[in-house]
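In case you want the letters, here they are:
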Amino acid sequence: MEIEKIELYGVQMPLARPFRTSFGVTSSRHVILVRVIERGGEEGWGEVVAGEGPWYSYETYETALYVLDKFLIKNVLDCEDISKNNVWAVMSRVKGHNMAKAALEMAVWDLEARLASQPLSRFIGGVRSRIESGVSIGIAGSVSELLKIIGTRLDEGYLRIKLKIEPGWDVDVLSRVRREYPDVPLQVDANAAYRLRDLKTLLKLDEFDLLMLEQPFEHDDLNGHAILSRKLRTPICLDESITSLNALKTAYKLGAVEVVNLKPGRVGGYTEGLAIYRFAVDVGLGFWIGGMLETGIGRGHLVALASLPGVSYPNDISASSRYWKEDIVEPLWVQRNGYIDVPNKSGIGVEVKWGALKKYLEWQREYRKART
Ligand code: SMG
Ligand code: MG
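About the thresholds
Residues numbered from 1 in each chain as written. Chains lettered and ligands numbered in written order. Predicted model: local features only at pLDDT ≥ 70, side-chain atom pairs only at ≥ 80, totals over all residues. Heavy atoms only, no water. Near = heavy atom within 4 Å. Polar contact = N/O pair within 3.5 Å; in protein donor to acceptor, adjacent residues only side chain to side chain. Areas by Shrake-Rupley, 256 points an atom, 1.4 Å probe, with all protein chains shown as cover. Helix = DSSP H or I, 4+ residues; strand = E, 2+ residues; numbered from the N terminus. Nonpolar A, V, L, I, M, F, W, Y, C, P; charged D, E, K, R; others polar. Core = buried A, V, L, I, M, F, W, Y, C linked by side-chain atoms within 4.5 Å. Buried < 20%, exposed > 50% of the residue type's maximum accessible area, 1.4 Å probe, protein only. Domains from an automatic or database assignment. Contact = heavy atoms within 4.5 Å. Axes fitted to C-alpha atoms, helices over the stretch in contact; angles between N-to-C directions. Parallel < 35°, antiparallel > 145°, perpendicular 65-115°, else oblique. Left-handed = near helix turned anticlockwise from the far one by under 90°.

## Brief notes about the site of ligand 1
Near ligand 1, the surroundings consist of 20 residues, among which Ser136, Lys162, Asn191, Leu293 and Tyr323 are the closest. In the environment of ligand 1, an oxygen atom lies 2.9 Å from a nitrogen or oxygen atom belonging to the side chain of Lys162. Contact distances for ligand 1 include 3.0 Å between an oxygen atom and a side-chain N or O atom of Lys263. If ligand 1 stood free it would expose 440 Å²; the protein chains cover 97% of that surface. Only β1 (3–21) and β6 (161–164) provide two or more residues apiece to the shell around ligand 1. Across the shell around ligand 1, the residue classes tally to six nonpolar, six polar and eight charged.

## Looking at the nonpolar core
Membership of the largest hydrophobic core comes to 134 residues, with the highest contact counts inside it found for Leu104 and Leu163. Structurally, this core is a two-domain feature, drawing no fewer than three residues from each of domain 1 (3–117 + 353–368) and domain 2 (122–341). Apart from residues no more than four positions distant in its own chain, Leu163 is found in contact with Ile137, Leu146, Ile150, Leu174, Val177, Leu186, Gln187, Val188 and Asp189.

## Considering the packing of helix α9 (residues 245–254) against helix α11 (residues 270–283)
Between α9 and α11, the least distance of the axes is 9 Å, while the angle of their chain directions is 20°. For the element pair α9 / α11, the angle class is roughly parallel. Remark: the crossing between α9 and α11 carries right-handed chirality. Residues Leu245, Asn246, Leu248, Lys249 and Tyr252 of α9 touch α11, and the partners they reach there are Glu272, Ala275, Ile276, Phe279, Ala280 and Val283. Each residue belonging to the contact of α9 with α11 can be placed in one class, and the counts come to eight nonpolar, one polar and two charged.

## What to know about the environment of Asn98
For Asn98, the position within the fold is in helix α3 (residues 98–115). Using a relative accessible area of 12% as the deciding quantity, one classes Asn98 as buried. Along the primary structure Asn98 and Trp169 are separated by 71 residues, whereas in three dimensions their C-alpha atoms are 31 Å apart. Sequence-distant contacts of Asn98, defined by excluding residues within four places in its chain, comprise Tyr58, Glu59, Trp88, Thr243, Gly265, Arg266, Val267 and Gly268.

Here it is, written out as structure tokens:
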């Protein structure tokens with residue numbers, strides 16, 4: 001197919017409540033939405049998940065805008081016959097910048113699923129009619145505040161709780177959480193806040209019957225993760241480290257990973273994401289879908305991926321209301337009894353609610369195919 005036009009929408013959306021991780025507080029998200037339109041008028045949507053600063057990874061929404069504007073959009077518009085099968089290769093001259101690439105790549109996959117009148121979930125081999133919904137809870141002001149938030153999230157129905165940890169907010173906090181909630185499915189995420197010298201503290205995490213410990217060390221410290229994994233019973237989950245299929249293969253070979261948190265934005269979209277999925281399932285690694293505080297657009301892509309049969313843990317995919325006062329899609333994403341329904345409509349299965357989007361819109365740009 002030929003893409004006729006690509007539109008970018010820059011929105012700034014305040015989160016329903018600030019989200020604190022080991023690398024900082026997020027109160028408001030700058031999101032770039034990508035809309036691709038083909039000659040016949042059908043559209044597809046993607047979302048840049050990069051943060052406000054280079055803290056989760058080196059990308060930010062502004063570096064993504066630069067790379068989209070200067071390179072990626074032109075690559076895609078210039079291609080006479082773009083499809084889900086070649087869009088990744090068409091962008092491959094650009095090194096890295098996976099979050100910029102993913103927004104465009106995933107919009108093309110959405111468009112192709114819509115042209116095939118298929119839900120994206122089925123288009124990529126998903127089989128579930130509903131996905132398991134977990135919730136990620138940031139570092140709180142106090143332990144009693146955290147215990148209250150956990151209680152609320154459990155009352156809402158979430159199937160498992162993920163807590164953010166950092167040095168000083170770990171062992172003591174977890175022992176109080178476990179005293180209050182002994183049986184709740186629980187896991188923790190350090191966002192690379194520890195070093196191998198913290199080994200003694202990390203080994204204490206085995207006391208808390210955690211589903212997994214996510215990304216304790218720096219993204220490139222596969223050796224450190226391998227050493228820890230040999231000593232810790234709690235499975236090691238990698239997030240930031242898994243930027244490609246090659247990175248996963250290396251981590252697996254070293255014994256640095258037991259569970260994969262797949263975020264399509266981090267790996268450049270579906271092409272690489274599905275390759276990572278197939279490898280993880282083939283070698284028997286645990287697998288689930290992570291989140292980057294997406295709007296309802298990005299969440300649609302996450303739901304599609306979470307419907308794959310090999311997903312073996314609850315996902316960081318929560319209801320619209322967990323993130324936003326007003327999400328920008330309809331219908332909203334709703335969690336019921338711990339599950340979110342996989343849409344039957346074609347593509348990501350939700351539409352942009354233009355009235356809501358306009359409230360948060362800061363700028364927009366459009367790019368058209370050059371005609372000779
Ligand atoms: O989308 O529910 C969500 C957030 C899940 O904790 C979450 N994401 O490292 O896994 C992670 C973090 C990264 C985002 S922090 C702004
Ligand atoms: Mg993480």
